[in-house]
Structure formats: structure tokens, C-alpha cells
Amino acid sequence: MENYQTVSEALTDLKNRGFNLDFNLANGVLHSSSENIYLQPDDFTISELYRFEGMSDPGDNSIVYGIESDKYNVKGVFVNAYGVYSDDISEELLKKLNTPG
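Residues numbered from 1 in each chain as written. Predicted model: local features only at pLDDT ≥ 70, side-chain atom pairs only at ≥ 80, totals over all residues. Heavy atoms only, no water.

S.K.: Report on the pattern of salt bridges, specifying residues and quantitative values.
M.R.: One pass over the full model with this rule turns up four salt bridges. The salt bridge involving Arg17 is made with Asp13; its shortest N-O contact spans 3.0 Å. For Arg17, a relative accessible area of 34% gives the class partly exposed. Classification of Asp13 by relative accessible area gives partly exposed; the value is 22%. The salt bridge partner of Asp43 is Lys71, with a shortest N-O separation of 3.4 Å. (Salt bridge = Lys/Arg side-chain N within 4 Å of Asp/Glu carboxyl O. Buried < 20%, exposed > 50% of the residue type's maximum accessible area, 1.4 Å probe, protein only.)

Printed below as a string of C-alpha cells:
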């Protein structure tokens, strides 16, 4: 695993290594709007994970996930804040994000 100093540095390198899709939370699953792909927890693996802590503001804490899906043959990224999850996240997805591997 790399040792990135910033979220943007991690995202740039991941994209350079083929993690081209951006995933967001939508209806309790991960969604790529560019490809209109919805990933259920069983549809992907977390191959990389990087935690970032804000120097002065705890609200700046975030996690960058490198996501791979053999089912759809895609790789992408998902960025989320520590402990801040949308109300519509499923318990199964929350568990997957908290126990990558």
C-alpha cells in the first residue's frame, strides 16, 4: 500500500492505476453515475483503503476506498467521511465498508 499525504494525491494515483469510476452512495448501495452501475456488497471487493485525518478539523477525516468488481469488470473509488454514513446505507454495505478485505 502507498503512503499518501492527501486525499487528492491518493485519488490521482488510483485513477492512474485504473480505478477510473467514481462511486457514491445511492439507495443503500454504491453507484457509478457515469456507467449507471449499482454495486451490492457482494458485487465488489475493497482492494485498497486509505485513511486521512484532518490536522485541525476532525470533520476533515475521510477514507478512500479502491473498489473492484469482477461482476462488472470495473475498478473505481469511493470516498467517505469517518463514521458519517447516509441514512439510506444498508447494514450489509456498512459492514462491508467497515471490514474490507
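S.K.: Explain the environment of Ser69 to me, using residue names and the numbers behind them.
M.R.: Considering the arrangement of structural elements, one finds Ser69 in strand 5 (residues 62-69). For Ser69, a relative accessible area of 3% corresponds to the buried category. Spatially, the C-alpha atom of Ser69 lies 5.9 Å from that of Asp43, the residues being 26 residues apart in sequence. Ignoring any residue separated from it by four or fewer positions in sequence, one finds Ser69 in contact with Leu39, Asp43, Phe44 and Val74. A distance of 3.5 Å separates the side chain of Ser69 from the backbone nitrogen of Lys71, its partner in a polar contact. From its side chain, Ser69 meets the backbone nitrogen of Tyr72 in a polar contact 3.2 Å long. (Helix = DSSP H or I, 4+ residues; strand = E, 2+ residues; numbered from the N terminus. Contact = heavy atoms within 4.5 Å. Polar contact = N/O pair within 3.5 Å; in protein donor to acceptor, adjacent residues only side chain to side chain.)

S.K.: Go over the environment of Asp43, please, and point to the residues and values.
M.R.: Mapped onto the fold, Asp43 is located in the loop between strand 3 (37-39) and strand 4 (45-52). For the pair Asp43 and Lys71, spaced 28 residues apart in sequence, the C-alpha to C-alpha distance is 6.1 Å. Each residue touching Asp43, except ones within four places of it in the same chain, is listed here: Tyr38, Glu68, Ser69, Asp70, Lys71 and Tyr72. Here Lys71 takes part through its side chain, which lies 3.4 Å from a polar atom of the side chain of Asp43.

S.K.: Run through the nonpolar core, naming residues and quoting values.
M.R.: Residues Phe23, Leu30 and Ile67 are the most contacted members of the largest nonpolar core, which totals 15 residues. Elements represented by at least two residues in this core include exactly strand 1 (21-26), strand 3, strand 5, strand 6 (74-81) and helix 2 (91-98). Counting eight residues, the second-largest nonpolar core is a separate cluster that includes Ala10, Phe19, Phe52 and Val77. (Core = buried A, V, L, I, M, F, W, Y, C linked by side-chain atoms within 4.5 Å.)

S.K.: Go over unusual backbone geometry with me, naming the residues and quoting the values.
M.R.: Positive phi values are uncommon outside glycine, yet Asn36 reaches one of about 50°. Assignment of secondary structure puts Asn36 in the loop between strand 2 (29-32) and strand 3. You will see that Asn73, though not glycine, has its phi angle at about 55°, which is positive. Under the relative-accessibility criterion, Asn73 is labelled exposed at 71%.

Any functional reading would require information that these geometric values do not contain.
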